[in-house]
Amino acid sequence: MENIQLKIRKASFTVEAVFVVTIVIWIVAAICYLSVYSHDEVALYTLTQNFLELAAENGKQLKESEVQIGLREYLEEHLILSRMRRVGVKKKPQFVQVDIEYYADVKFPFAKILLPAARGKRICISHEKLFAPNYMWDYEAVKEGMENG
């Protein structure tokens, strides 16, 4: 039989690469999740304010249920990682208050540790309803009251 000579090489780079590349992949995945989560945080505030501004534009009088359903659909359409648990709307004479409970829909266990919203988070946003004719009338009534009184 012939002698088979094996070339023996050190495998230190290969073994180290397995650990390093695995850790790097997890770090890159965590950074991606955090960037999408940051996008959703900012988008949640701005989209809610934008929706409330559009809903109150030109003095439109929408019911609380209409605002609630419309806002939920609008947010779910634009958010990437976050999901709504509850959207509550309270209409007051001069402003609309929105209470939103949401959570980050996370599949990886390590990301649940990094993202505080994975367990759930709650925000409260209010938007003033500005109706110029009402304020003008109030101004005129107060002005007349001060002149007469």
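Keep in mind that what you see is a predicted model, and the values were worked out from it rather than measured.

Strand order in the open sheet formed by 3 strands is β1-β2-β3, with antiparallel pairing between adjacent strands. The open sheet terminates on both sides in strands that have one partner only, identified here as β1 (82-91) and β3 (121-128). The mean inter-strand angle of the sheet, taken between neighbouring strand axes irrespective of direction, is 20°. Where β1 meets strand β2 (residues 95-104), 9 bridges bridge the pair, whose relative direction is antiparallel. Residue pairing in the sheet places methionine 84 in a bridge with tyrosine 102 of β2.

Let's shift gears to the environment of threonine 46. Along the polypeptide, threonine 46 turns up in helix α1 (residues 12-55). Separated by 3.3 Å, the side chain of threonine 46 and the backbone oxygen of alanine 43 make a polar contact.

Attention now moves to the side chain of aspartate 99. Topologically, aspartate 99 is positioned in strand β2. A polar atom in the side chain of aspartate 99 sits 2.7 Å from the side chain of arginine 122. Residues in contact with aspartate 99, not counting those within four places in the same chain, are Arg86, Val87, Gly88, Arg122, Ile123 and Cys124.

So, on to the packing of aromatic side chains. Within a pair of aromatic rings, the relevant descriptors are the distance that separates the centres and the angle that separates the planes. Per the stated rule, a full pass over the model turns up 1 aromatic pair. Ring plane angle 35° and centroid distance 5.6 Å describe the contact between phenylalanine 51 and tyrosine 74, whose orientation is recorded as tilted. One end of the pair, phenylalanine 51, is in helix α1; the other, tyrosine 74, is in helix α2 (residues 64-78), and 23 residues separate them in sequence. Taking relative accessible area as the criterion, phenylalanine 51 reaches 16% and is therefore assigned buried.

Our next topic: the nonpolar core. By size, the foremost hydrophobic cluster in this structure holds 18 residues, and its most contacted members are Leu44, Leu71, Leu75, Leu79, Met84, Val98 and Ile100. Looking at this core, the elements with two or more residues in it are α1, α2, β1, β2 and β3. Not counting residues up to four positions away in its chain, the partners in contact with isoleucine 100 are Leu44, Thr48, Leu71, Leu75, Met84, Arg86, Lys121, Arg122 and Ile123. Core analysis: the next-biggest nonpolar cluster, separate from the first, contains 5 residues, Tyr33, Tyr37, Leu81 and Ala104 among them.

A few words on the pattern of salt bridges. As enumerated under the stated definition, the model contains 5 salt bridges in all. Aspartate 99 serves as the salt-bridge partner of arginine 86, at 2.5 Å between the closest nitrogen and oxygen. Placement of the pair is arginine 86 in strand β1 and aspartate 99 in strand β2, with a sequence separation of 13 residues. Arginine 86 sits in the partly exposed class, given a relative accessible area of 34%. Taking relative accessible area as the criterion, aspartate 99 reaches 11% and is therefore assigned buried. Between arginine 86 and glutamate 101 there is a salt bridge, with the nearest N and O atoms lying 3.5 Å from each other. Of this pair, arginine 86 sits in strand β1 while glutamate 101 sits in strand β2, placing them 15 residues apart in sequence. On the accessibility criterion, glutamate 101 (27% relative accessible area) is partly exposed.

Parameters at a glance
Residues numbered from 1 in each chain as written. Predicted model: local features only at pLDDT ≥ 70, side-chain atom pairs only at ≥ 80, totals over all residues. Heavy atoms only, no water. Pairing = 2+ DSSP bridges. Helix = DSSP H or I, 4+ residues; strand = E, 2+ residues; numbered from the N terminus. Axes fitted to C-alpha atoms, helices over the stretch in contact; angles between N-to-C directions. Polar contact = N/O pair within 3.5 Å; in protein donor to acceptor, adjacent residues only side chain to side chain. Contact = heavy atoms within 4.5 Å. Phe/Tyr/Trp six-rings, centres within 6.5 Å; stacked < 30°, edge-to-face > 60°. Buried < 20%, exposed > 50% of the residue type's maximum accessible area, 1.4 Å probe, protein only. Core = buried A, V, L, I, M, F, W, Y, C linked by side-chain atoms within 4.5 Å. Salt bridge = Lys/Arg side-chain N within 4 Å of Asp/Glu carboxyl O.

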